[in-house]
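Residue-level listing of the chains:
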There are 2 protein chains.
Amino acid sequence: MGRPALSSGSTVETAEADYFQNNPPPKEFSQNKQLVRAFVQRHSEQGRRVALVTSGGTTVPLENQTVRFIDNFSAGTRGATSAEYFLENGYAVIFLHRRFSLLPYSRHYSHTTNCFLDFMEIDQQGKVTVKNNYQIGMQTVLQKYQRAQTEQTLLLLPFTSVTEYLWSLRDTALSLQVLGPNAVFYLAAAVSDFFIPRDRMSEHKIQSGDLNAAGLSQGTKLVVDLDPVPKFLKSLVDGWAPNAMIVSFKLETDPLLLISKAKKALERYSHHLVIGNLLLTRAWEVVLVSPGREEWVRLPNHGPDPTGTFAFESGSVLEIESLIVPKVIRLHDVMIQQTCN
Amino acid sequence: MGRPALSSGSTVETAEADYFQNNPPPKEFSQNKQLVRAFVQRHSEQGRRVALVTSGGTTVPLENQTVRFIDNFSAGTRGATSAEYFLENGYAVIFLHRRFSLLPYSRHYSHTTNCFLDFMEIDQQGKVTVKNNYQIGMQTVLQKYQRAQTEQTLLLLPFTSVTEYLWSLRDTALSLQVLGPNAVFYLAAAVSDFFIPRDRMSEHKIQSGDLNAAGLSQGTKLVVDLDPVPKFLKSLVDGWAPNAMIVSFKLETDPLLLISKAKKALERYSHHLVIGNLLLTRAWEVVLVSPGREEWVRLPNHGPDPTGTFAFESGSVLEIESLIVPKVIRLHDVMIQQTCN
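Residues numbered from 1 in each chain as written. Chains lettered and ligands numbered in written order. Predicted model: local features only at pLDDT ≥ 70, side-chain atom pairs only at ≥ 80, totals over all residues. Heavy atoms only, no water.

## Brief notes about the pattern of salt bridges
On inspection of all chains with the given rule, the structure shows 38 salt bridges over all chains. A:Lys33 is paired through a salt bridge with A:Asp171; the nearest N and O atoms lie 3.2 Å apart. Linking A:Lys33 in helix H2 (residues 29-45) with A:Asp171 in helix H5 (residues 162-176), this pair joins segments that are 138 residues apart in sequence. Owing to a relative accessible area of 26%, A:Lys33 belongs among the partly exposed residues under this scheme. The exposure class of A:Asp171 is buried, given its relative accessible area of 6%. Note that B:Arg298 is salt-bridged to B:Glu285, the shortest N-O span being 2.6 Å. Here B:Arg298, found in strand E15 (residues 293-298), pairs with B:Glu285, found in strand E14 (residues 285-290); they are 13 residues apart in sequence, far enough to count as distant. Accessibility expressed as a relative area gives 47% for B:Arg298, which makes it partly exposed. A residue is classified by how much of its surface remains accessible, and B:Glu285, at 15% relative accessible area, is buried. (Salt bridge = Lys/Arg side-chain N within 4 Å of Asp/Glu carboxyl O. Helix = DSSP H or I, 4+ residues; strand = E, 2+ residues; numbered from the N terminus. Buried < 20%, exposed > 50% of the residue type's maximum accessible area, 1.4 Å probe, protein only.)

## Here's the deal with the interface of chain B and chain A
Frequently, the measure chosen for interface size is the accessible area removed from exposure when the parts meet. Taken together, the contacts link 63 residues of chain B with 63 residues of chain A. Of the roughly 6000 Å² buried at the junction of chain B and chain A (both faces included), carbon and sulfur atoms supply 60%. Our count for the contact surface shared by chain B and chain A stands at 2 salt bridges. Our enumeration of links across chain B and chain A arrives at 21 residue pairs in polar contact (both at pLDDT 80 or more). For the side of chain B that touches chain A, the elements supplying multiple residues, two or more each, are strand E3 (68-72), strand E5 (120-122), strand E6 (128-130), helix H4 (132-150), strand E11 (221-228), strand E12 (245-252) and helix H7 (255-269) of chain B. Top contributing element to the side of chain B that touches chain A by residue count: H4(B), with 10 residues. A breakdown of the residues in the side of chain B that touches chain A according to their chemical character gives 29 nonpolar, 19 polar and 15 charged. Pairing of strand E11 (residues 221-228) of chain A with E11(B), which is carried by 5 bridges, proceeds in the antiparallel orientation. Paired with A:Val223 across the strands is B:Asp225, a residue of E11(B). (Contact = heavy atoms within 4.5 Å. Buried area = accessible area lost by both parts, 1.4 Å probe. Polar contact = N/O pair within 3.5 Å; in protein donor to acceptor, adjacent residues only side chain to side chain. Nonpolar A, V, L, I, M, F, W, Y, C, P; charged D, E, K, R; others polar. Pairing = 2+ DSSP bridges.)

## Focus: the side chain of A:Thr163
All names here are of chain A. You can see Thr 163 is positioned in helix H5. Polar side-chain contacts of Thr 163 include one of 2.7 Å to the side chain of Tyr 19. Once you skip the residues sitting within four places of it in the chain, Thr 163 turns out to touch Tyr 19, Asn 23 and Pro 24.

It is worth stressing that arrangement in space is one thing and function is another; only the former is reported here.
Okay, here's the thing in structure tokens:
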């Protein structure tokens, strides 16, 4: 049971075909394809649901031999944290993430104010070990990580550019079709809306005084001219993953725009759920927008801390993803039931 | 003994003053200023030389509440690795680095194909410890790291945007003046040449259809219009650090431009050394360009590995920074001697 094809499909399909034709796949593409196929096959046989979690920002290179690029702000906190809660709820997870962004489990020990070596000490036997005050926390995390490894429920797929991301997204979606409604797409990555077509991209680092279509350095100024990335969420919903549950994210900075932008996305793409969040409050409140429904999810007793920075929390403290993911799973349950009736 | 002031100084100074006036300092600025003052004071009293090592890429935000930004490619490998060799050669190091880029010592265990947790295991006593095959390597690294902590020879200062970087660079340079020729500036960070002035920057995330000076979204396209960053290397050499040794880097992708661009920078700024490197070969060859001299430094038996990716090496294997840093220090010795005569 798929969604009906849309009349505007042909335009979207043309833009999509053009994009993939003009922007070739990354080097590791066929190797990753094999990994994804085997992963999906295994979990399909075991009757396990699979979540594709995307995470981190995509880059848009300004040069082919890339020195400069445009990036979207995202450390990968939402994606990496959510992936853990999908795993804890029995899902297998394909984690399509920006290279070197936060990863499930290891996130607890990276991007912290401490360097990783601050957790370690040399004991009386001369052995490198974890300091006593970090032992219990790290045991808990390491056990969960080792379980995901033993059960082979976590597949890490990295990307850097928006093009790498889109190749992997499409291919993974096609692989996941065998699962029908048992797949969920949880699209937390911050994907660029704009890119520079390969044929207009400078081969070498743009020099002051260079003249080219992508980065036009006019004397001392630099003008960067970008095209819109085709609307791949449309392709995903209608073509690549017609039977899966699809959850997209909407990040805004202006509170007045958040709900309307989320609703507009839901109408435009006819998928299941938009999770709206604001840059400054995203660690403690989000809004779940589904057809005919808005639900705010908030951490109790939260807000900016007195220094004005975020009160990010991890480990044993309550994380908002521990509230979001179960709600997504309840919606997934309902969707699967409706499909089967 | 300083360098003579240049006749063009006034233009540079005006652009510089304008920049700092229009782009206010980061929140942590006065706190960092105290840390730097105390650090320099201590090492000045102990007669230790100090290296300011800059590392990683600077960002140029497209919005005030930043969702999108332009970045310069750099994981921070050169800076983090070089910092270790300065420390091993008796220098104290101020490490001015892009937040979350590679750090001295912990770099050996981040941005690897392994996640940090892959190095760990739970032993028979239920204690989290480092796996046997990683013990010796990690002991060596941890001992060096702990020594730098005990001797307080390493100060970590993070930045994200080009503006944060420039505020810290200027302030640190002014603090280092008390050391006279005993300071070296090793400018390995990839600093943006272009930025969007604050008064032209969008407050909120740029929406399709928005019209503004910084990011002009024309219907479906996005045009980003950037101004040149004032030439701060000139300010550094002539004004902020007139008696220190200054080493800049030149990264190019076109082999035909490398030497000429390095020489041009040396002539333009009248400093001591430009280290030239190419994006694709930077892990195993660089060229040191000083007045009247070019010297290639190469790792023996190196080149792209058979998969076409870099053969980055770390730990016990020879790193090119172990060859570069001692050469810089020899030049620093000579410069100090000349100053004292």
